[in-house]
Amino acid sequence: MRVVTTAQPLDVQPTPLALLLLGREADPKSERGVECPGDLPSPSDPDLVARARAAKEKLGDKVFILGHHYQRDEVIDFADVTGDSFKLAKDAAAKPEAEYIVFCGVHFMAESADILTSDDQKVVLPDLAAGCSMADMATAEQVAECWDVLTEAGIADVTVPVSYMNSSADIKAFTGKHGGTICTSSNAKKALDWAFEQGEKILFLPDQHLGRNTAVRDMGMSLDDCVLYNPHKPNGGLTAEQLRNAKMILWRGHCSVHGRFSVDSVNDVRARIPGVNVLVHPECKHEVVAAADYVGSTEYIIKALEAAPAGSKWAIGTELNLVRRLANRFAAQDKEVVFLDKTVCFCSTMNRIDLPHLVWTLESLAEGTLVNQIQVDKETESFAKLALERMLALP
């Protein structure tokens, strides 16, 4: 006998995160981004390059375009300067005559540019959905709760927060408010040295791998000196004793691109390319960094390849757009540059900035319409700037 049942409607309300992932609703403070307004030109439009060039020419000195190393070539072609996130924010601050700063990067980078530029300058992100999964792994509410946990454990007064540049303005502000500093992948050791002069412990946000690699590889600590705070578990998944015994309290965050590389990737490329030099970013896992020959920031990677001898072979563990650009650049110098992993690995949110979004942005600005402005409120800006200034004052 066949039994027929009538399905009852489920009283289920989608969460804010679910709506964001579906491309609906909006949360301007979220690194996940929001729906992009306006009608974008078609990616197949054969006049995109000409349109971008014409709009940029019309804007003249009023616009300054920043291109992060991980951007697509089609976007980099229109950048006035390229670099990592902090270099680009400083470049924007050094261009006070530019009314519009078009940041071809991700949300936290545009926030940093807004913090460091004058009130007269307007920072624009071509696609508001260009966020950063790592930055989104630490929210202001979660970090405030973590600080309460450290306070209850009796260690908040001897703990100094150090936040990676790849964090939201809210996290930078928390860091500044609690006596901490910001760091980049280039100066993380200097930042940690400074922090240990101010206190006994460090709360490192939001990238666990950069914190662990700097502490263990560069400063001689042991893995036992580090504990991992998981914001999704009560008390971070740690006991008060574990927190009191730790020197480095690492936030459970990571880069979705650099986290994909494995020791198997390293072993495989060594087997395929005898004599290859393995060079990885410090956002990679600790075991990958330990297995590599060289470790450094994007700027370090570029300079290492510039200084490399002709005929040398390199496997690079960082975002694919940059690796491919470097491979093309150095092929003429007889330097072989390959991607560390066999799997294609772009930064998906960084790649949301494409030529149609850039054309739409530049044409809108040229017509006098301000779009996608990134603004950090004054209180957040003041504390975030304090943390950034402490970094700038590092020896």
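A quick note: this is a predicted structure, and the numbers were derived from the prediction, not measured. (Residues numbered from 1 in each chain as written. Predicted model: local features only at pLDDT ≥ 70, side-chain atom pairs only at ≥ 80, totals over all residues. Heavy atoms only, no water.)

## Structural notes on the sheet that holds strand β13 (residues 336-339)
Move 1: Read across the sheet, four strands follow the order β11-β10-β12-β13 without closing on themselves; strand pairing throughout is parallel. Looking at strand neighbours, the two that pair on one side only are β11 (294-295) and β13, the edges of this open sheet.
Move 2: In this structure, strand β10 (residues 277-280) lies alongside strand β12 (residues 313-317), joined through four bridges in parallel fashion. Within β12, the residue paired with V278 across the bridge is A315. (Pairing = 2+ DSSP bridges. Helix = DSSP H or I, 4+ residues; strand = E, 2+ residues; numbered from the N terminus.)

## Points about the side chain of T380
Move 1: Mapped onto the secondary structure, T380 falls in helix α16 (residues 378-392).
Move 2: Exposure remark for T380: the relative accessible area of 11% places this residue in the buried category.
Move 3: A polar side-chain atom of T380 sits 2.7 Å from a polar atom in the side chain of D377.
Move 4: Not counting the four nearest positions on each side in its chain, T380 is found in contact with A169, D170 and A173. (Buried < 20%, exposed > 50% of the residue type's maximum accessible area, 1.4 Å probe, protein only. Polar contact = N/O pair within 3.5 Å; in protein donor to acceptor, adjacent residues only side chain to side chain. Contact = heavy atoms within 4.5 Å.)

## Focus on the packing of helix α4 (residues 85-93) against helix α5 (residues 107-116)
Move 1: Look at α4 against α5: their axes get within 8 Å of each other, and the N-to-C directions meet at 35 degrees. When you trace α4 past α5, the crossing you get is right-handed. Contacts between α4 and α5 involve S85, F86, A89, K90 and A93 from the first element and F108, M109, S112, A113 and L116 from the second.
Move 2: Residue classes in the contact of α4 with α5 are distributed as seven nonpolar, two polar and one charged. (Axes fitted to C-alpha atoms, helices over the stretch in contact; angles between N-to-C directions. Left-handed = near helix turned anticlockwise from the far one by under 90°. Nonpolar A, V, L, I, M, F, W, Y, C, P; charged D, E, K, R; others polar.)

## Considering α4
Move 1: The set of residues buried in α4 consists of S85, F86, L88, A89 and A92. Down the axis of α4, the buried side of the element spans an arc of 160 degrees, and every buried residue falls inside it.
Move 2: If you follow the buried residues of α4, they end up packed against β1 (63-68), β2 (81-83), β3 (100-104), α5 and α16.
Move 3: The opening residue of α4, the one whose side-chain oxygen lies 2.9 Å from the backbone nitrogen of K87, is D84. (Arc of directions from axis to C-beta.)

## Digging into the sheet that holds strand β6 (residues 181-183)
Move 1: Pairing within the open sheet is parallel, and its five strands lie in the order β6-β5-β7-β9-β8. Either end of the sheet is taken by a strand with one partner, and the two such strands are β6 and β8 (226-229). This sheet shows a mean twist of 25 degrees between the axes of neighbouring strands, independent of strand direction.
Move 2: Alignment of β8 against strand β9 (residues 248-251), held across four bridges, turns out to be parallel. What sits directly across from C226, in β9, is M248.
Move 3: Taken strand by strand, helix α7 (residues 169-177) contacts β5 (159-164), β6 and β7 (201-205), and its axis lies near 150 degrees from that of β5.

On their own, these measurements won't tell you what the molecule is for.
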